[in-house]
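# Residue-level structure breakdown
Letter by letter, the chains look like this.
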Amino acid sequence: MRTFWISAALLVSVASAPLVAQDYRSDQAAADELRHAIERLARTPTDSDALLDAGNAALILRDYDSALGFFTRAEALQPSSGRIKAGLATAQLYNENPVEALKLYDQAIALGVAERSIAPDRGLAFDLVGNNALAQSEYALGSTAVTTEDLIVRQAVSYGLAGDQKRADALLNPLLSQNKPTAWRARAFILAAQGDVEEATRIVRGFLDARSTEAMQSYLERMSQLTKAQQAAVIHYGHFPS
């Protein structure tokens, strides 16, 4: 199926780093870790720990193709490592393969990875296959370990796509009162998915120019016609099915 890419200004959460891989405080720290891991690999190409570190750093840097490559090499060396399975799952998720990601997350849990540690990204994978109920369960579990703006927005989007506007608003309102752009974008997409194109367009005008808003109008009008999985892909992956 052909897809149309939506302006990056309207993306809700795909631009953020995976929530499961928050081991580094900054992109610079991740870049340093990636460089060190590659130096270790230059000395010992079969160093699975170095491959794991490189993969996690690449996730933080949003280099998902490289992350997938590092984790795939690591899995070949240690196929029974839960940490490697979890990293590979997240790389698949951000390479837009949520079905494969869910299979790998299940394998990671079976190998001893704590479900809570991968729940925020596993929840996103469930949303992307249209299972909002399981997504919300995962987000709730993940929020017991970490609470971030991105996770709150993901939860709100999931509730909104499932038609639970009350819970979506309860999560978004504190962020909206702080004028957080990601929260406003999430609200616009939720409203469009529910068929309130007029209000969604009004919100979009707040952060896009008139020409871009006009270009977005047709996408907003079609949101309510999509499946839950397609709506989630629009919001989190940033592309619209033809």
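See the structure above.
Notes on the structure in this doc start here. (Residues numbered from 1 in each chain as written. Predicted model: local features only at pLDDT ≥ 70, side-chain atom pairs only at ≥ 80, totals over all residues. Heavy atoms only, no water.)

## Considerations on the nonpolar core
Test applied: Definition used in this section: a nonpolar core is a set of buried Ala, Val, Leu, Ile, Met, Phe, Trp, Tyr and Cys residues joined via side-chain atoms within 4.5 Å. Any residue under 20% of the maximum accessible area for its type is buried, any over 50% is exposed, and the rest in between are partly exposed; the area is computed with a 1.4 Å probe on protein chains only. Each helix is a run of H or I in the DSSP string that is no shorter than four residues. Each strand is a run of E no shorter than two, and both are numbered from the N terminus. Note on contacts: a residue pair is in contact if any heavy atoms of the two residues lie within 4.5 Å.
The biggest cluster of nonpolar side chains holds 69 residues, and the ones touching the most others in it are Phe70, Phe71, Leu93, Leu128, Leu172 and Met223. Ranked by the residues each element gives to this core, the list is headed by helix α10 (residues 181-193), at eight residues. If we skip the residues at most four places from it in the chain, phenylalanine 71 touches Leu52, Gly55, Asn56, Leu59, Ile84, Gly87, Leu88 and Ala91.

## Looking at the pattern of salt bridges
Selection criterion: Salt bridge, as used here, is a side-chain nitrogen of Lys or Arg placed within 4 Å of a carboxyl oxygen of Asp or Glu.
Evaluated as defined, the whole model comprises 13 salt bridges. Notably, a salt bridge pairs lysine 180 with glutamate 149, separated by 3.7 Å at the nearest N-O pair. One end of the pair, lysine 180, is in the loop between α9 (165-177) and α10; the other, glutamate 149, is in helix α8 (residues 149-161), and 31 residues separate them in sequence.

## Describing the environment of alanine 200
Locating alanine 200 in the fold gives a position in helix α11 (residues 197-204). By relative accessible area, which is 0% here, alanine 200 ends up buried. Each C-alpha atom of the pair alanine 200 and glutamine 217 lies 9.2 Å from the other, and the pair is 17 residues apart in sequence. With residues up to four places along the chain from it excluded, the contact list for alanine 200 reads Ala188, Leu191, Ala192 and Leu220.

## A word on the packing of aromatic side chains
Here is the rule we go by: Pairing of aromatic rings covers Phe, Tyr and Trp, the last counted by its six-membered ring, and requires centre-to-centre distances within 6.5 Å; plane angles under 30 degrees mean stacked, over 60 mean edge-to-face, and any other angle means tilted.
In total, this model carries two aromatic pairs according to the counting rule given. Between tyrosine 219 and phenylalanine 240, the aromatic rings sit 5.1 Å apart at their centres with planes inclined by 45°, giving tilted as the arrangement. Here tyrosine 219 is found in helix α12 (residues 210-222), whereas its partner phenylalanine 240 is found in strand β2 (residues 239-241), with 21 residues between them in sequence. Owing to a relative accessible area of 17%, tyrosine 219 belongs among the buried residues under this scheme. With relative accessibility at 0%, the residue phenylalanine 240 sits in the buried group.

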